[in-house]
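# Coordinate inspection notes
What follows is each chain in one-letter form.
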Amino acid sequence: MSEIRTRFAPSPTGYLHIGGARTALFNWLFARHYKGKFILRIEDTDRVRSTKESIQAIYDGMEWLGLNWDEGPYFQSERFDIYREYIEKLLSKGEAYYCYCTPEELEKNRKQAMSERKKPKYSGKCRELDRPKTDEPHVVRFKTPKQGCTKVADLIKGEVIFENAELDDLIIQRSDGYPTYNFAVVVDDITMGITDIIRGDDHLNNTARQVLLYDSLDSPIPRFAHVPLILGIDKARLSKRHGATSVMAYKELGYLPHAMVNYLVRLGWSYGDQEIFSRDELIEKFSLDSVGKSAGIFNPEKLLWLNSQYIKEENSETLAELLVPFLQKRGLSIHDIELLQKIISLLKERSKTLLQMADSSEFFFKEDISYEKKAAEKFLKPELLDIFHILIERFSRIEDFNQRAIEETFKDLSILKGTKLAKLAQPVRVSLTGTTVSPGIYEVIEVLGKKRVINRLNKAIEFIRDKV
RNA sequence: GGUCCCAUCGUCUAGUGGCCUAGGACGUCGGCCUCUCACGCCGAAAACGCGGGUUCGAUUCCCGCUGGGACCA
């Protein structure tokens, strides 16, 4: 088999969204699986809506997900000469023709067809005329066969048949001289030697026209694979109103890129009952055979779960690097990476996102913590003064301030005072963290260190005294 | 409206005629673990859209309907 070549061809008219990212991912995986090439092409023929920022957003999103490309980026806007050449080719072969019908004329025909409850179609007027090129405004149309049918052998949907009679004479060059989308895509895919076109099934309807263009341009037809779309919870196509649909928004929210990759790949593809895949495993196991046919609904909760799994499994060094920007964003500068890693090891089993992790690590770094109102009311009570004093005294005597020594101190104290451990732990937790929720209290105490623990306990004592 | 696609728990899916009393995962609910919260573990509720065929036997094959989606207008 010759080399597999796939491509991702986004229009730079916004951010890289979930659906686009999955299409890119499938193309990337397919190319990597077959040790082929993955090509990036920017479809920026729409000069009005295409922006530099969007192009950058595409790069950023793909980089974040780790979808590296082997060729490109190619820009359609730099390829007009090529399109023109191919249009000439079709014209000279008599497979395309100049059409001088005015928009008004076309609109009139359309309205008439509608009023007769017929399908609006181009009349084919200029096709029969075969007029030569003049200076009048004109488009170029492709001569679609009037009889027969066109078959698309789709790797996912199976064989799909279109009646040629249903197809209009497609405009391939607009009156402003620009190629139309369907034409530019075909020329690009031919000239770039794309062997496998994996794209959203919203393009399935266009495929018959494209197949006819391949034929007319004497080019081999690539394999097509139309993957089902991703829908929102209301089963409408995923869009902004469904919440975050930009891939990069999930980076901001503290998602790990591979969690996103893992989520996206399982949306429409499966490998038995397996849910979690490493990158290498995906490359090894990915196949279009097991891509489903039906549209899928984007489920943020499952993504969140996957993210928590990956955070749990990721090593603390890597997480530290990823977490620092989140901490900096809230004004915390990190000097002690070793300390940060210790904190992370306490937090990674209980954080679903890096954002959450940053939230729950704040009390470690802040000089002054504040108490949650409810927590303080419930747990910081006068009867604790005695116990807190003893605790401070005992802590200050511990030489090696480690978890085990701390735990023993607590156990002794609970026997001494005849109170349950829980009755001790919660007030201490509130004193040290400001909240009722934190990692294990012994770990927290060890990581905070003797000095800060004693400081915070003293502050709590002051707070309790002030209250009475 | 025309064309095309699709149809298993709420969601992602396994299932390719008998292994199905329909499996797994997320979520939900209950329990265990426990210094809180998580993690983890155990358990529960939860689906083959409907109607016809084909077949000894259909979730699985065929047809229709219904429903959803996409594209074009």
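So, about the overall build of chain A. Scanning chain A from terminus to terminus reveals 20 helices and 12 strands. The C-alpha atoms of chain A give a radius of gyration of 32 Å, which is well past the 23 Å a tight globule of 468 residues would have. Overall, chain A is about 105 × 50 × 40 Å in size when its C-alpha atoms are taken along their principal axes. Among the 468 residues that make up chain A, the fraction classed as buried is 50%. A separation of at least 24 residues holds for 75% of the contacts in chain A among residues at least 6 apart in sequence. Carbon and sulfur atoms provide 50% of the accessible area of chain A, an area that totals close to 23600 Å².

Attention now moves to empty space enclosed by the protein. Tallied over the entire structure, the rule returns one cavity of 30 Å³ or more. Quantified by volume, the largest cavity comes out at close to 30 Å³. As for the largest cavity, its lining consists of Phe142, Thr144, Leu167, Asp168, Leu170, Arg209 and Leu212.

Moving on, we get to the nonpolar core. Among the nonpolar cores identified, the biggest contains 107 residues, and Phe395, Phe410 and Ile445 are the most heavily contacted of them. A per-element tally of this core places helix H1 (residues 18-33) first, with nine residues. Once you skip the residues sitting within four places of it in the chain, isoleucine 445 turns out to touch Phe395, Phe401, Ile406, Phe410, Val428, Leu432 and Val453. Of all hydrophobic cores here, the second largest spans 34 residues; its members include Tyr86, Val187, Leu212 and Leu213.

Lining the immediate surroundings of RNA strand B are 46 residues, of which Arg110, Gly268, Arg350, Arg429 and Ser438 lie closest. Near the protein, meaning within 4 Å, the atoms of RNA strand B are sugar or phosphate in a fraction of 74%, with bases accounting for the rest. For RNA strand B, a sugar or linking oxygen lies 2.8 Å from a polar atom in the side chain of lysine 157. One of the backbone nitrogen or oxygen atoms of arginine 266 is found 2.8 Å away from a sugar or linking oxygen of RNA strand B. If you list the elements that add at least two residues to the surface near RNA strand B, you get strand E7 (158-163), helix H7 (204-216), strand E12 (296-297), helix H11 (300-313), helix H18 (421-433) and helix H19 (441-448). For the surface near RNA strand B, the residue count by class is 17 nonpolar, 11 polar and 18 charged.

The subject of this paragraph is the packing of helix H13 (residues 337-347) against helix H14 (residues 354-365). Running from N to C, H13 and H14 cross one another at 130°; their axes reach a closest spacing of 10 Å. Classed by the angle they form, the pair H13 and H14 counts as oblique. H13 and H14 meet at a crossing whose hand is right-handed. Residues Leu339, Leu340, Ile343, Ile344, Leu346 and Leu347 of H13 form the contact with H14, whose own contacting residues are Met357, Ser360, Ser361, Phe364 and Phe365. When the residues that make up the contact of H13 with H14 are grouped by side-chain class, the tally is nine nonpolar, two polar and no charged.

Quick look at the pattern of salt bridges now. Under the definition given, this model contains 27 salt bridges. Ionic pairing is found between aspartate 368 and lysine 459, a salt bridge with its closest N-O pair at 2.6 Å. In this pair, aspartate 368 is assigned in the loop between H14 and helix H15 (373-379) and lysine 459 in helix H20 (residues 450-467), connecting sequence segments 91 residues apart. A cluster of three or more residues bridged by salt bridges with shared partners is formed by Arg7, Arg41, Glu43, Arg79, Asp188 and Asp189.

Hydrogen bonds between backbone groups are what pair the strands of a sheet, and the pairing can be parallel or antiparallel. If you trace the three strands from one edge of the open sheet to the other, you get E4-E5-E8, paired in antiparallel fashion. If you trace the sheet from one side to the other, it starts and ends with strand E4 (96-99) and strand E8 (171-173), each paired once. For this sheet, the mean inter-axis angle between neighbouring strands, taken without regard to orientation, is 40°.

Looking at the secondary structure, you find arginine 141 in strand E5 (residues 139-142). Summary of buried charges: arginine 141 has no salt-bridge partner, and the nearest side chain of opposite charge, aspartate 168, is 5.4 Å away. Here aspartate 169 takes part through its backbone oxygen, which lies 2.8 Å from a polar atom of the side chain of arginine 141. Aside from chain neighbours lying at most four places away, what touches arginine 141 is Glu95, Ala96, Tyr97, Cys99, Leu106, Tyr122, Asp169, Leu170, Ile171 and Ile172.

Basis of the calculations
Residues numbered from 1 in each chain as written. Chains lettered and ligands numbered in written order. Predicted model: local features only at pLDDT ≥ 70, side-chain atom pairs only at ≥ 80, totals over all residues. Heavy atoms only, no water. Helix = DSSP H or I, 4+ residues; strand = E, 2+ residues; numbered from the N terminus. Rg over C-alpha atoms; globule rule 2.2 N^0.38 Å. Buried < 20%, exposed > 50% of the residue type's maximum accessible area, 1.4 Å probe, protein only. Contact = heavy atoms within 4.5 Å. Areas by Shrake-Rupley, 256 points an atom, 1.4 Å probe, with all protein chains shown as cover. 1 Å grid on protein atoms, 1.4 Å probe; cavity = no way out; pocket = protein on both sides within 12 Å on 5 of 7 lines; lining within 4 Å. Points joined across faces, edges and corners; volume = space filled by probe spheres on them. Core = buried A, V, L, I, M, F, W, Y, C linked by side-chain atoms within 4.5 Å. Near = heavy atom within 4 Å. Polar contact = N/O pair within 3.5 Å; in protein donor to acceptor, adjacent residues only side chain to side chain. Nonpolar A, V, L, I, M, F, W, Y, C, P; charged D, E, K, R; others polar. Axes fitted to C-alpha atoms, helices over the stretch in contact; angles between N-to-C directions. Parallel < 35°, antiparallel > 145°, perpendicular 65-115°, else oblique. Left-handed = near helix turned anticlockwise from the far one by under 90°. Salt bridge = Lys/Arg side-chain N within 4 Å of Asp/Glu carboxyl O. Pairing = 2+ DSSP bridges. Lys, Arg positive; Asp, Glu negative; His and termini not counted.

Any functional reading would require information beyond the geometric quantities listed.
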